[in-house]
Amino acid sequence: GEKRTYKEYNLTVHYYCLLMSSGIWQRGEEDEGVYGFLIKDIRKEVNRAAKLKCNICKKKGASIGCVAPKCKRSYHFPCGVQRECIFQFMEQFGSYCWEHRPVQKLPSDESRGSSQCTICLEFVEHFPMYNILKSPCCKNAWFHRDCLQYQALSAGVFFFRCTVCNNKDKFQNEMLRMGIHIPEKDASWELEENAYQDLLQRYQHCDARKCLCRNGRDYNKPDSKWEIKCCQCCGSRGTHLACSPIESWKENWECIECRSIFAKSGNYQNQKKRSMATSEKIDVTGRLLEEPSPKCPRQSPGSQHSFLLRIQKREASNLLRELKLQVNNTKTTRLNINRDNIWSSALKGFRGRNFNPANTMEVKFTNCKGRVETDAFHGSKHEFFRLLMLHLQNSSLFEGSSSKNLSLDSQAVKENLYYEAGKMIAVSLVHGGVPPSFFSKTLFNCLVYGPENVKPTVEDVADFDVAQRIKMVKCPTTLANLKSTISDCSEYLIIAGCLRPMTTLCDKDMLVNDLLIYHVIKRVHSPFESFRQGLKMLGVLEKIQLHPDAFSSILCHKPERLSARVLGDLFTIHCLSDVNKVKGVDFWMGYLQDVEGGESAATLEDILVFATGSSSVPPIGFEPDPSVKFLRIKYPVGNRQLNSLELPITKTYEQFKNKMDFAISNGLRLELE
């Protein structure tokens, strides 16, 4: 393990020795002592180990003991490795001596032999022992321990898996039990500088039989008829828009080689754009992920999921920043929004002749009397997008409780509102607004993989009566009961086009699946297509399809809950003097802690809304960066145009807290009124 020296404590420790020592536990925070181990605890463990003799080298300082009942063997970490002890880097970080270590069992029906280790390709005997490990998920997969350990250290927890079947969970659990250390960090190949540089090279050459461009086949002018469109399937062929039969950039184009392949397979008409991203790919470069907390139990599946979710949200932020590069900062699109009718005024603005989503957006709010709100507290782009996403979530365009699918609103179809909703969501994401965060996994998968490749569930059915009918069809345990149920639901089955004779009990599964597909997908085909076209604005849908895991984290999951630490890091502090700054920072951080602890009438979300108009941190971040200014004023002021808080300089913390509570609660109350 890593060796570190702490001169201030006069200590030198190995990381693994500290983890595995039997008489010490992490009782401090991550930034306390050494890896969260308190200095006094480390010194106690040193004194305890000084009295213990290693059963292997016979020297003092054996801090690690076998956890098997009644076993009193103690040893040093390197001695234990040499003597083939097993150290489990999970849960309680237990250690087993050479006599009590766990052993894999060879199935009685499995004959002994040899095969290649699928990592080093050298032959390995089919006999479980310390240096030879068997895969728990593949019958004939055997490995050298050293090979597995090197692979685990390189791949990390997100990419370490069976090299034969790609199983992750079962494989990792067994390897941890057998003493393989799997660090919680990103894979080493993800951290290499310019490791994926070649993938950023886009094909730019017109391969049309007759190129019409006078500037040559390599000429590419974006947003014109001389822009080169690549084959949506292979990406290794291209054509100018003017040299192909397609009429706009929105249409897909396939090269002649790909078209011939689809024609031979009979799947040409059904071919859809597919995402190349997998659920396990996490593109986080240039940053080493933190090691797990020493001496803490290994993360549960829930905490690992949260950890992965944070990484995916960070990736989504980077992707949205890439999309924002196309926004023209020299041109501005202005929207006049009536606070009393967000939807109508937003619809009017987005449908306006001068509306251009690629321009910088400026939002002006008008009150109920039609007057423009001039107070800096009122009106910001972030507030507009927050209110707009809230309206969409509760509108008739979507149905469901928390995770929503598209609904069927015939009037909205006539007015093309689904297209406008998709466009608004795309613009909000690129321009720094909050994401909708209410998409169901079914709706999201339809957008990424196509409706024909998605299987909805009963939970996707928002209509209670319809859901009950589908459950009735699913419940019968005999063929007679099934036929009786079909007869009772025949009217609905006829409407859905799913009425059919039942010959076996198994037919109900196909019927239930068809009913779900009809109600969740086919019924809303027209709204879905319009919504999907709207999401194509500014290239958002294409990014979603290329990086589904990243965008799922912001479209299908609620924003991460705010904490005092998050807000403290978010706001930059400005002050008139260093003395006032120290006191101001103390008051500000103390107030955030009180709010987080429920000792204030305000919430952390209220503070963020007061300052920026947004109740959560947008994926793309704030622009300009939020700031706190301590001034000689009477009460706090939120400037949403600048994302800033202007706070008063007070003599005592109680004065500061009372003024903060008063300004925030009354300001938001007046806004609602």
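Remember, predicted model here, so these are calculated numbers, not experimental data. (Residues numbered from 1 in each chain as written. Predicted model: local features only at pLDDT ≥ 70, side-chain atom pairs only at ≥ 80, totals over all residues. Heavy atoms only, no water.)

Right, let's get into unusual backbone geometry. Of all residues except glycine, most have a negative phi; of all peptide bonds, most are trans. Residue proline 624 follows glutamate 623 across a cis peptide bond; omega there is 0°. As for its position among the elements, proline 624 is in the loop between helix 22 (604–612) and strand 18 (627–631). Of note in this structure, glutamate 84 is not a glycine but carries a positive phi near 70°. For glutamate 84, the position within the fold is in the loop between helix 3 (77–82) and strand 5 (86–87). The phi dihedral of asparagine 166 falls on the positive side, at around 70°, and the residue is not glycine. Note on asparagine 166: relative accessible area 48%, which makes it partly exposed. (Helix = DSSP H or I, 4+ residues; strand = E, 2+ residues; numbered from the N terminus. Buried < 20%, exposed > 50% of the residue type's maximum accessible area, 1.4 Å probe, protein only.)

What follows deals with the pairing of strand 2 (residues 11–14). Burial of the side chains of strand 2 is restricted to one face: Leu11 and Val13 are buried, whereas none of Thr12 and His14 on the reverse face is. With four bridges joining them, strand 1 (residues 3–6) and strand 2 adopt antiparallel strand pairing. When the bridges of strand 2 are listed, tyrosine 6 appears paired with leucine 11. Counting the residues in the hairpin turn of strand 1 and strand 2 gives four residues, including asparagine 10, whose phi is positive at 55°. (Pairing = 2+ DSSP bridges.)

Take the environment of isoleucine 56 next. With respect to the element layout, isoleucine 56 can be found in the loop between helix 2 (39–50) and strand 3 (64–65). Its relative accessible area of 26% is what places isoleucine 56 among the partly exposed residues. Separated by 20 residues in the primary sequence, isoleucine 56 and histidine 76 have C-alpha atoms spaced 8.3 Å apart. Residue contacts for isoleucine 56: discarding those within four places in its chain leaves Tyr75, Cys79, Gly80, Arg83 and Trp98. (Contact = heavy atoms within 4.5 Å.)

Attention now goes to helix 5 (residues 169–177). Given 3.6 residues per turn, any residue in an α-helix points the same way as the ones three and four places further on. Restricting attention to buried positions, one finds in helix 5 the residues Phe171, Gln172, Glu174, Met175 and Leu176. Buried residues along helix 5 sit against strand 9 (132–134), strand 10 (142–144) and helix 4 (145–159). One or two steps after helix 5, the chain reaches glycine 179, where phi turns positive at roughly 90°.

Here we take up the nonpolar core. Residues Phe384, Leu397, Phe439, Leu515 and Phe531 are the most contacted members of the largest nonpolar core, which totals 80 residues. The greatest single-element share of this core, amounting to ten residues, is contributed by helix 11 (residues 417–430). (Core = buried A, V, L, I, M, F, W, Y, C linked by side-chain atoms within 4.5 Å.)

Here the structure, examined in full by the defined rule, presents 22 aromatic pairs. With centroids separated by 6.4 Å and ring planes inclined at 35°, the aromatic side chains of tyrosine 6 and tyrosine 9 adopt a geometry described as tilted. By relative accessible area, which is 26% here, tyrosine 9 ends up partly exposed. Both rings, one in tyrosine 75 and one in tryptophan 98, keep their centres 6.4 Å apart while their planes meet at 50°; by these two values the pair is tilted. Taken together, the residues tyrosine 75 in strand 4 (residues 74–75) and tryptophan 98 in the loop between strand 6 (95–96) and strand 7 (114–116) connect sequence positions 23 residues apart. The burial state of tyrosine 75 is the same as that of tryptophan 98; both residues are buried. Taken together through their ring pairs, the aromatic side chains of Tyr15, Tyr16, Tyr75, Phe77, Phe87, Phe89 and Trp98 make up a single cluster. (Phe/Tyr/Trp six-rings, centres within 6.5 Å; stacked < 30°, edge-to-face > 60°.)

Per-chain confidence: the chain averages 83 in pLDDT, with 89% of residues scoring 70 or above. Note that pLDDT drops below 50 for residues 268–301; the model gives that stretch 100 contacts with residues more than four away or on any other chain. A low-confidence stretch, residues 374–378 stays under pLDDT 50, and its non-local contacts, those more than four residues away or across chains, total 14 contacts. (pLDDT = per-residue confidence, 0-100.)

Moving on to the side chain of threonine 612. In this fold, threonine 612 is placed in helix 22. Looking at threonine 612, its side chain comes within polar contact range of the main-chain oxygen of leucine 608, at 2.7 Å. Here serine 614 takes part through its backbone nitrogen, which lies 3.1 Å from a polar atom of the side chain of threonine 612. Excluding anything up to four places from it in sequence, threonine 612 contacts Ser380, His382, Glu383, Phe622, Arg640 and Asn643. (Polar contact = N/O pair within 3.5 Å; in protein donor to acceptor, adjacent residues only side chain to side chain.)

Scanning all chains against the criterion turns up 17 salt bridges. Across the pair aspartate 514 and arginine 500 runs a salt bridge, and its minimum N-O distance is 2.7 Å. Note that aspartate 514 is positioned in helix 16 (residues 507–521) and arginine 500 in the loop between helix 15 (490–496) and helix 16, a separation of 14 residues in sequence. Taking relative accessible area as the criterion, aspartate 514 reaches 25% and is therefore assigned partly exposed. Through salt bridges with shared partners, one network takes in Arg339, Glu383 and Arg640. (Salt bridge = Lys/Arg side-chain N within 4 Å of Asp/Glu carboxyl O.)

Right, let's get into the packing of helix 9 (residues 381–393) against helix 11. At a closest axis distance of 11 Å, the pairing of helix 9 and helix 11 adopts a crossing angle of 145°. Like other packed secondary-structure pairs, helix 9 and helix 11 cross with a definite hand, here left-handed. Mapping the contact onto sequence places Phe385, Leu388, Met389 and Leu392 in helix 9 and Ala421, Met424, Ile425, Val427 and Ser428 in helix 11. Residues belonging to the contact of helix 9 with helix 11 are distributed by class as follows: eight nonpolar, one polar and no charged. (Axes fitted to C-alpha atoms, helices over the stretch in contact; angles between N-to-C directions. Left-handed = near helix turned anticlockwise from the far one by under 90°. Nonpolar A, V, L, I, M, F, W, Y, C, P; charged D, E, K, R; others polar.)

With respect to the helices and strands, the residue leucine 647 is situated in strand 20 (residues 644–648). Residue leucine 647 is classed as buried on the basis of its relative accessible area, which comes to 0%. C-alpha separation for the pair leucine 647 and lysine 634, spaced 13 residues apart in sequence, amounts to 8.4 Å. Contact partners of leucine 647, with chain neighbours within four places excluded, come to Trp588, Val628, Lys629, Phe630, Leu631, Ile633, Pro636, Phe656 and Met660.

Helix length check: helix 11, at 14 residues, gives a terminal C-alpha distance of 20 Å against a target of 20 Å (1.5 Å per residue), a fit within 8%. Where burial is concerned, most of helix 11 is hidden: 14 out of the 14 residues are buried. Looking at the residues trailing helix 11, positive phi occurs at glycine 432, about 90°. (Expected span 1.5 Å × (residues − 1).)

Attention shifts here to the pairing of strand 13 (residues 328–338). Across a regular strand the side chains alternate sides, sitting on one face of the sheet and then on the other. Of the strand pairs in this sheet, strand 13 and strand 14 (residues 359–366) are connected by eight bridges, and their pairing is parallel. Pairing of asparagine 328 across the sheet is with asparagine 359, part of strand 14. Note on the crossover from strand 13 through helix 8 (residues 342–350) to strand 14: the handedness is right-handed. (Right-handed = clockwise from strand over helix to strand, strands pointing away.)

Closest axis-to-axis distance for the helix 12 (residues 441–449)/helix 17 (residues 525–535) pair is 11 Å, and the angle between their directions is 70°. On the basis of their axis angle, the class for helix 12 and helix 17 is roughly perpendicular. The two elements helix 12 and helix 17 cross, and the hand of that crossing is right-handed. Residues Leu443, Cys446 and Leu447 of helix 12 touch helix 17, and the partners they reach there are Phe528, Phe531, Arg532 and Leu535. Partitioning the contact of helix 12 with helix 17 into residue classes produces six nonpolar, no polar and one charged. (Parallel < 35°, antiparallel > 145°, perpendicular 65-115°, else oblique.)

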